[in-house]
Amino acid sequence: MAAHQEKKLAQERKHKTTQNDTQTSQVQWGRAWEVDWFSLGSILFLLMFAPLIVYYFIMSCDQYQCSLTEPLIDLLMGNKHLSDIWNKTPTLTYRAAAIYSLWVAFQVVLYMFVPDFCHKILPGYVGGVQEGAVTPAGVVNKYEINGLQAWIITHVLWFANAYYFHFFSPTIIFDNWIPLLWCANILGYAVSTFAMIKGYCFPTNAKDCKFTGNFFYDYMMGIEFNPRIGRWFDFKLFFNGRPGIVAWTLINLSYAAKQQELYGQVTNSMILVNVLQGIYVLDFFWNEAWYLKTIDICHDHFGWYLGWGDCVWLPYLYTLQGLYLVYHPVQLGTANAVGILILGLIGYYIFRVTNHQKDLFRRTDGNCRIWGKKPKYIECSYMSVDGTKYYSKLMTSGFWGWARHFNYTGDLMGSLAYCLACGFAHILPYFYIVYMTILLTHRCIRDEHRCFSKYGKDWKHYTAAVPYRLIPGVF
Ligand code: NDP
């Protein structure tokens, strides 16, 4: 009898341990708790070199007509010293500081104090208060989605000024581009440092904080998952969308205005870049509620990577094509212009439809039609830190049955179109496609690693059903 009881107890202990093991492994699906050497090396490299890369690109346009090789040749041949280049670089000015402060303050006001009205008047647009995804700690945050409205108000004011009020020149951004770079850096470093201190001293949700014990990793990848001030000022939503992406189209407009001022006309390549990137930006704001379900908001913590990246990297490097075209006003032949437009539009179509398919599928919990049919999917489950079990589904229909990240493939096609609009005289405009390829391939791998930790064997079933990542039959 005693032996029988002992055996039963042992069996129960084993069952409990297995459950705990599963639980422990399944709740490791958020950002890493430990830093491997490769990640640390990459982070140190980016912390040291990313600001220099931005400076190098912008300086080479300012001083070397966008040639990336000439500054290096000059330095290597001893024709110039670093100090010569640095001394020719415009410094921070009061004017730039005033422009930048007003710009950021205006975006804060639009974000915080103007509740969304677009969702009341635009059919099909989802705005106002929306919920984000479940965090690893099991929290569901609410967001005020009013980015489209902020974008529209900002651009209406921009055009009103350019064509009617003339308070400032529409070339203002280009004319102060390097002094503004210093302001953007100050904000980028300030907000990242503040986010780190906040993570230690007064986090918004302590359970969703992660400390690896490595200062550089925590500074770069962030401690807090969703840092907020008050109930509504969400750092991730604000910094990615507002100073970064609202600015993107304004910066391009400023470049177009500069071309007009310098050459008396705006080239078709500049129009192409403005239109294609404008569609991408408008798409972002039209789908801001969907953005709450993307990796940036659902999985990344807020550190230097997002804080500095949104303030500096995004507005300065995503707009390189327009900047290049100010210095090299390329006029494309009709066939080339049409070809690039078609490539950009097909890329956008794939990007949008793929993202829409997943969004629709998740919103309706699979009760929808994808390409006219009921979608197929793989059932999966995961756990939050408190041990609550959740169920989810991974779709294997539509573009999600072609490849696991076909939305990235569409994005890359669009990115290539922007670059091609600049012709082949220099490599600088092609930085974007190289960067996006690295970013999205790395993101694929990062996301899949995370999904595997989250869903375990269910993720394996999914990858068996959809074996390719970006290009069916190739990768
Ligand atoms: P996705 O929109 O592809 O989201 C990935 C997440 O979707 C996964 O973590 C998983 O989350 C869920 N998921 C994965 N497979 C499936 C499936 N088969 N069915 C249902 N859900 C699935 O990635 P991103 O957030 O990175 O990108 C969103 C868009 O933003 C992309 O189009 C990308 O190109 C673009 N982008 C642009 C950038 C730029 O700088 N221009 C930078 C980054 C992205 P879960 O845990 O919920 O299951």
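Residues numbered from 1 in each chain as written. Predicted model: local features only at pLDDT ≥ 70, side-chain atom pairs only at ≥ 80, totals over all residues. Heavy atoms only, no water.

As recorded in an unreviewed UniProt entry, the protein goes by the name 7-dehydrocholesterol reductase, listed as coming from Scytalopus superciliaris. We quote the UniProt Subcellular location (unreviewed entry) comment for the protein here in full: "Endoplasmic reticulum membrane". Among the UniProt annotations of the protein, the heading Sequence similarities (unreviewed entry) holds the following wording: "Belongs to the ERG4/ERG24 family." (UniProt positions renumbered as here; feature names shortened; annotations may be inferred.)

**Student:** Give a description of the site of the ligand that names residues and reports values.
**Tutor:** In the vicinity of the ligand, 27 residues are found, and the nearest of them are Y318, Y408, D411, D447 and Y455. At 2.7 Å, a side-chain N or O of R362 approaches an oxygen atom of the ligand. Protein chains shield 93% of the accessible area of the ligand, which is 920 Å² for the free molecule. Within the residue set of the shell around the ligand, elements represented by two or more residues are α17 (334–363), β6 (389–395), α19 (406–420) and α20 (431–455). The leading source of residues in the shell around the ligand is α20, at eight residues. Split into classes, the residues belonging to the shell around the ligand amount to 14 nonpolar, five polar and eight charged. Built from parts of two domains, the shell around the ligand gets at least three residues from each of domain 1 (90–331) and domain 2 (349–474). (Near = heavy atom within 4 Å. Polar contact = N/O pair within 3.5 Å; in protein donor to acceptor, adjacent residues only side chain to side chain. Areas by Shrake-Rupley, 256 points an atom, 1.4 Å probe, with all protein chains shown as cover. Helix = DSSP H or I, 4+ residues; strand = E, 2+ residues; numbered from the N terminus. Nonpolar A, V, L, I, M, F, W, Y, C, P; charged D, E, K, R; others polar. Domains from an automatic or database assignment.)

**Student:** Any details on the UniProt feature "transmembrane region" (unreviewed entry) in the protein? Residues and values, ideally.
**Tutor:** According to UniProt, the "transmembrane region" (unreviewed entry) feature falls on residues 37–58, 92–114, 148–165, 177–197, 302–320, 332–351 and 415–440. Secondary structure across residues 37–58 comprises 100% helix and 0% strand; the distance between its end C-alpha atoms is 31 Å. Overall, residues 415–440 shows 62% helix and 0% strand. The separation of its end C-alpha atoms is 12 Å.

**Student:** How would you sum up the packing of aromatic side chains? Please name residues and give values.
**Tutor:** Enumeration over the complete set of coordinates arrives at 52 aromatic pairs. Look at Y111 and F233: their rings are 5.6 Å apart centre to centre, the planes differ by 85 degrees, and that puts the pair in the edge-to-face class. Of the two residues, Y111 sits in helix α5 (residues 94–113) while F233 sits in strand β4 (residues 233–234), which places them 122 residues apart along the sequence. The residues Y111 and F233 share a single accessibility class, namely buried. A ring pair is formed by F194 and F202, whose centres lie 6.1 Å apart and whose planes are at 65 degrees; its orientation type is edge-to-face. Given the relative accessible area of 32%, F194 is considered partly exposed. Judged by its relative accessible area of 45%, F202 is partly exposed. The ring centre of W290 lies 5.3 Å from the NZ or CZ of R352, which sits over that ring. The ring of Y377 is capped by K393, whose NZ or CZ atom sits 5.2 Å from the centre of that ring. (Phe/Tyr/Trp six-rings, centres within 6.5 Å; stacked < 30°, edge-to-face > 60°. Buried < 20%, exposed > 50% of the residue type's maximum accessible area, 1.4 Å probe, protein only. Lys NZ or Arg CZ within 6 Å of the ring centre and 35° of its normal.)

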